[in-house]
Structure formats: structure tokens, C-alpha cells
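Next come the chains, spelled out residue by residue.
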Amino acid sequence: MRFVANIILLLVLLVGCPAWAQSDSLMSQTAVVEQTIDSSDQSEELDVKSVVLGHIGDSYEWHICTVGDKHITVPLPVIVRGEDGKWHCFSSSKLHHGHASYEGFSIAEEGEYAGKIVEQTADGEQIRPIDLSITKTVAGLFVNCAVLLLIVLGVARRYRNDKVDTKAKGGFAGVLEMVIESVMDGIIIPCVGPNYRKFAPYLLTAFFFIFVNNLMGLIPIFPAGANVTGNIAVTFVLAMATFLAVNLFGTKDYWKEIFWPEVPTWLKVPIPIMPAIEFIGLFTKPFSLMIRLFANILAGHAIILILTCIVFATAKMGAAVNGAMSAVSVILSIFMNCLELLVAFLQAFVFTMLSAVFIGAAQHTEEHAEDHSAQHSVAHSAEHSPEHELKQETKQIEK
Amino acid sequence: MGLLQPELGLIFWTSLAFGVVLFLLCKFGFPVILRSVEERRNFIDSSIEAAHEAEERLERVTLDSAAIVEKAEAERQQILRSASEERDRIVGDARMKASEEAQRIVAEARAQANEEREQIIREGRQQVVALAVTISERLLRGELQQKESQIVLADRLLDEINKASQAKPQNNEA
């Protein structure tokens, strides 16, 4: 019962947060409070698109909220390598939200590199330096990684001195153990096959990494709330990790399947149609992993932000309309947050499952041929539905 | 299009962060938990197996003891039966022996009695004979007071003895 109560509490907290965070103005953060000079655009129409893109995109500072004219932001370190070959490292507060330049670096307001740091060269050109700044996404990623490490290593510490006959853990360790077990028994062991021990830590790490990042992305209060798994660079690295895990540990049979698959010979020589398709398949698999996770999380964030924007977009339509629309907005936000909780788990699950299936397929040897065919069908059925999902998501984004 | 363009810096930091997390969790995180859980699972499995085995053994022991009890019971019955048979036999034997003995004793007693009776009869005869002799002596003594009568008697006696000795062989021949 306590466990159920905890879950309900968690849900209430997560769901209740966005509305609350919008109205809450007093946040005790170690933030730099700055007075903005120009507040001329106060009466302008709310630009929903820029608000949404601003929230789901990356930035060089972590904007928490705006109270009146004051932007409460956490400045983050900018690390760039200039044209002169030297590394420059300074706080993003030096750039004054893109209104100033520092050491020749400024944030481009428009053009190809809009929103990114550019360097003004001597001949007046703007070039993009090598940019390893700790941006909002990176900072969020670090926070989330710390949370993940804290959770898993903290729980693992309790297991370290276990004897064979130690009783099962209760409380949080029990919950985590349950999740680990369900991932092991539900995904890793059936999908990877007999070699699962070798890949279990990676797949579990991938699962919890994505899951924690997804959940943290749903919490709108600093230091959570950064759109980490909805950033294509992050999903690219995750997909890359799976790509490496699949291909570095692939068996001889796996490579033979790619370059000399068991199809009629005219499909292989003189024009290697099937090998080409299989070879392209090597890259489309992780690519689909990358796009799927990215698009799902991005769309979820965008929808919640748009729903929240309804409150402000209708502010000028009178108290009655605004009140009604605010109610609609809150209700829909609650619904979307619940849905996103599900998606947060589901995407972590799907990513892990597909990774496990790809790894399992690459572990394929002649003895396990039957397993392989079964896995393949699973992979295919799993492939189709997310593709469909993706189309829907992109439609939603377009709307 | 900005959203779909992976940033180099972000890729770098993500790779680093994910790499570190992966290393730490693969080294100190999940294997520890998985090992512990697996050990516990094996322990539980083996415990259940042991419990099953113990139960089975107990059942077997119960069956065995029941069989032993049954066997003992049967043995007891058999012993009792054989004992009673033995008893009957012994009693029968004893009875037979006793009756034989009794018969023998009775026969002996009868024989002895016969003998004694004969002896008594014989003694009786002898006494009767002695009495008769004495009486006859008394009678004779009285008669022999007179000389002639003595002579007469002596003659008669001699006659008689003669007759008797003559008569005896005749009797024997007869």
C-alpha cells in the first residue's frame, strides 16, 4: 500500500508541477538576477512558436523564470575554441542574453547560426567556432546523470555485502530491483538470447539513462526540466552506442548474413542488391532508434508547452474566456503529463528492446537460427509501429 | 532544421557523460544488483527444492514407518497365533501324557493291589493253616494224654501221610 501511495504522490507532484511552476514566482536558486534594459515589447502578442522552440531548444544559459522585467537565469560556462586556436572559457552572463559580445564571441541573432555562439573575425565575417559549451542541455544531462548514478549506485551499495540468504530488499531498492528484473526478464533475456549476461549492464544502463532523462524532462522545476532526450545529439550518441554494441560484438554469421545473405544468387551477383540493402540496414536501424526517441520526447514537450501557452495566448480575450481556456489548458496539461509519463517509460522500453533485438540478431550463430527468426519477427513488428508513431508525432509538431 | 542538427559540443558532452555513467554502472551498479538478485533467486530455488525433497523424504519415512508398524502388527499376530498353537499343543501333550501316566499308575496300583491281595490271601491261608495246626496240636495234645490213644493217633497219622504221599503223584499226573 505504501508503494502505491508513493506512486500516486509522485504522479500528483509531477502532474501538478507545470501549473504551479508557472505561477510560482519566488524560487530560491543561486541564480543571477538581472535587470533587463529593454522592456519595450511587453505589450506585444505572445509568440508561441518562439516560446516553444526556446524551451525545447538549447541555450547558453538556463532560464528559470521571469519576474516582471527580471530574468532569473543560471549562467552556464561557455567553452569555445577561437580562430586563433586558443580555448576561451567564460560565463554566459558576459554575453548579456545575446546582447553583448565578449572576446569577439557573441550569440548570432539571425542567419545560419541563429542562437549559437559565433566569432567575429577580423575581416568582419561570422564563423562558428568549435563549441564545447556547457549548455542548458548539457547541464541538465549532468544533473540527470548525477541523479541516475545516485539512484543506482546508492541501491547497489545496499546489495554489495549481501550474502546468499539475505532477505529481499524493501522500499526504494525493492522498486528498483523490480524494474531491473522486469527489464531483464521482459526484454534482455528473451531478446538477446544466451549471451545476455554480456550485454545486460549496457542495456540496463541505456534503459535507466533514457528513463531518468525522460522523467527529469517532465519535471518543470530547475534543475530538472531540460529537454535532454528530446535533443537529437543525445539520441544520436545513444543510437551510436547501440550501433557499436551491435557491430563490434557481431558474430561471423551476422556479417555473412549482411554480405552474403541466403537469397537467390541473382540478387547478389553481379549487382549486390541484397547486400546493399542489408548494409544500409546497418545504419537505418540505429537511425530509427535516434529519430524515434528524439521525436517522441520533443513532441511531448512541445505539446505540453503549447497547452500551457493557451493560458497566456488567451489573456487578452477577457476574463471569462481566459478563465475557461486556462481550465482547459490545465486539464489537458494534466492529461498530457500522464501520457508523457507513459511515453517516458515506453520510449526507454522500446529503445532498450530494439537495442536488445539488434544485439541478439548480431549474436546469431547457426545453432541459434530458430531463435533468430523469432527475434526477427519481433523486431519487424516493433519497427513498424514506431514508424507509424513517428509520422503522427511529426504531424502533431507541424500543427 | 535547427532541431534536427546535432551539435558537436552536445555530442561530445553526451558521449562523455554517457560513457562515464556506462562505465560506473557497468562496474559498480548493475552487476552487483544482478548478482545479488540472481544469487537470491538461486537460493530460493534451491531452498524450495530442498523443501520438496524434505517433504518427499518425510512422506517416505511416514510410509516406511507405517509399513514397519504393519509388519510388526502382522508379526505380533503371527507370534500370538503360533503361541496359542504351541500352548494348545503343549496342553494337549500334557493332557495325553498325564492320562497315560494316570493309566500307568492305575495299572501299577491295580497290579500291586492284586499282589497284595494275593499275599494277604496267602498269609491268611498260612495263618489259617498255622491256626489249624495249633488247634489240632491242642486237640492232639489233649488226646495224647492217654498212651493208647497216642499210639492210635500216630498210626492214623502215618496212614494219612502215606495216603497223602500216594495221592500227590496221582494229583500231579492228573
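This text goes with the structure placed above it.
Nothing here was measured: the structure is a model prediction, and the numbers come from that model.

Cut-offs applied
Residues numbered from 1 in each chain as written. Chains lettered and ligands numbered in written order. Predicted model: local features only at pLDDT ≥ 70, side-chain atom pairs only at ≥ 80, totals over all residues. Heavy atoms only, no water. Helix = DSSP H or I, 4+ residues; strand = E, 2+ residues; numbered from the N terminus. Buried < 20%, exposed > 50% of the residue type's maximum accessible area, 1.4 Å probe, protein only. Contact = heavy atoms within 4.5 Å. Buried area = accessible area lost by both parts, 1.4 Å probe. Salt bridge = Lys/Arg side-chain N within 4 Å of Asp/Glu carboxyl O. Nonpolar A, V, L, I, M, F, W, Y, C, P; charged D, E, K, R; others polar. Pairing = 2+ DSSP bridges. Axes fitted to C-alpha atoms, helices over the stretch in contact; angles between N-to-C directions. Parallel < 35°, antiparallel > 145°, perpendicular 65-115°, else oblique. Left-handed = near helix turned anticlockwise from the far one by under 90°. 1 Å grid on protein atoms, 1.4 Å probe; cavity = no way out; pocket = protein on both sides within 12 Å on 5 of 7 lines; lining within 4 Å. Points joined across faces, edges and corners; volume = space filled by probe spheres on them.

**Q** Describe the overall build of chain A, with residues and values.
**A** Along the backbone of chain A there are 10 helices and nine strands. Taken over 399 residues, chain A has a buried fraction of 47%. In chain A, the share of contacts with a sequence separation of at least 24, taken over all contacts with a separation of at least 6, comes to 65%.

**Q** Please provide a residue-by-residue account of unusual backbone geometry, values included.
**A** Of all residues except glycine, most have a negative phi; of all peptide bonds, most are trans. Of the consecutive residues Phe222 of chain A and Pro223 of chain A, the connecting peptide bond is found in the cis state with omega at 5°. Relative to the elements of secondary structure, Pro223 of chain A occurs in the loop between helix H5 (196-218) and helix H6 (232-248).

**Q** So what about the interface of chain A and chain B? Which residues, and what values?
**A** With 57 residues of chain A at the contact, the number on the chain B side is 35 residues. Together, the buried faces of chain A and chain B total about 3900 Å²; carbon and sulfur atoms form 78% of this surface. Contact with chain B buries surface across chain A, with Val164, Thr205 and Val237 of chain A losing the most and accounting together for 13% of the total. Between chain A and chain B we count six salt bridges in total. With its nearest N and O atoms 2.9 Å apart, the salt bridge here joins Arg197 of chain A to Glu38 of chain B. Among the elements of the structure, helix H2 (48-56), strand S9 (130-131), helix H3 (136-160), helix H4 (171-192), H5, H6 and helix H8 (273-313) of chain A are those that each provide at least two residues to the side of chain A that touches chain B. Sort the elements by how many residues they give to the side of chain A that touches chain B and H3 of chain A lands first, with 13 residues. The class makeup of the residues in the side of chain A that touches chain B is 38 nonpolar, six polar and 13 charged.

**Q** Summarise the sheet that holds strand S8 (residues 126-127) of chain A; cite the residues concerned and give the values.
**A** Residue and element names in this part refer to chain A. Taken in spatial order, the three strands line up as S6-S7-S8 in an open sheet, and their pairing is antiparallel. Among the strands making up the open sheet, the edge pair consists of strand S6 (105-107) and S8. Pairing analysis gives three bridges linking S6 to strand S7 (residues 117-120), with the strands arranged antiparallel. Paired with Ser106 across the strands is Val118, a residue of S7.

**Q** Quick one: what's the story with the packing of H3 of chain A against H5 of chain A, residue by residue and with numbers?
**A** If you want to describe how two helices pack, look at the angle between their axes and the distance between the axes. Residues and elements named next belong to chain A. Direction vectors running N to C along H3 and H5 enclose 120°, while the axes themselves pass 9 Å from each other. Comparing the axis directions of H3 and H5 gives the class oblique. Taken as a pair, H3 and H5 cross one another with a handedness that is right-handed. Across the interface between the two elements, Leu141, Val143, Asn144, Cys145, Val147 and Leu148 of H3 pack against Phe208, Phe209, Val212, Asn213 and Met216 of H5. Class assignment of the residues belonging to the contact of H3 with H5 gives a composition of nine nonpolar, two polar and no charged.

**Q** Lay out empty space enclosed by the protein with the relevant residues and their values.
**A** Considering all chains together, one arrives at three cavities of 30 Å³ or more under this definition. The computed volume of the largest cavity comes to approximately 110 Å³. As for the largest cavity, its lining consists of 13 residues, of which Asp58, Tyr60, Asp131 and Thr135 of chain A together with Glu7 of chain B are closest to the centre. In terms of residue class, the lining of the largest cavity is built from three nonpolar, five polar and five charged. Listing elements by their share of the lining of the second largest cavity, those giving two or more residues are H6, H8 and helix H9 (319-362) of chain A. Partitioning the lining of the second largest cavity into residue classes produces eight nonpolar, two polar and one charged.

**Q** Please provide a residue-by-residue account of the pairing of S7 of chain A, values included.
**A** Residues and elements named next belong to chain A. With two bridges connecting them, S7 and S8 associate as antiparallel partners. When the bridges of S8 are listed, Glu119 appears paired with Ile127. Count of turn residues in the S7/S8 antiparallel hairpin: five residues, of which Gly124 carries a positive phi of about 80°.

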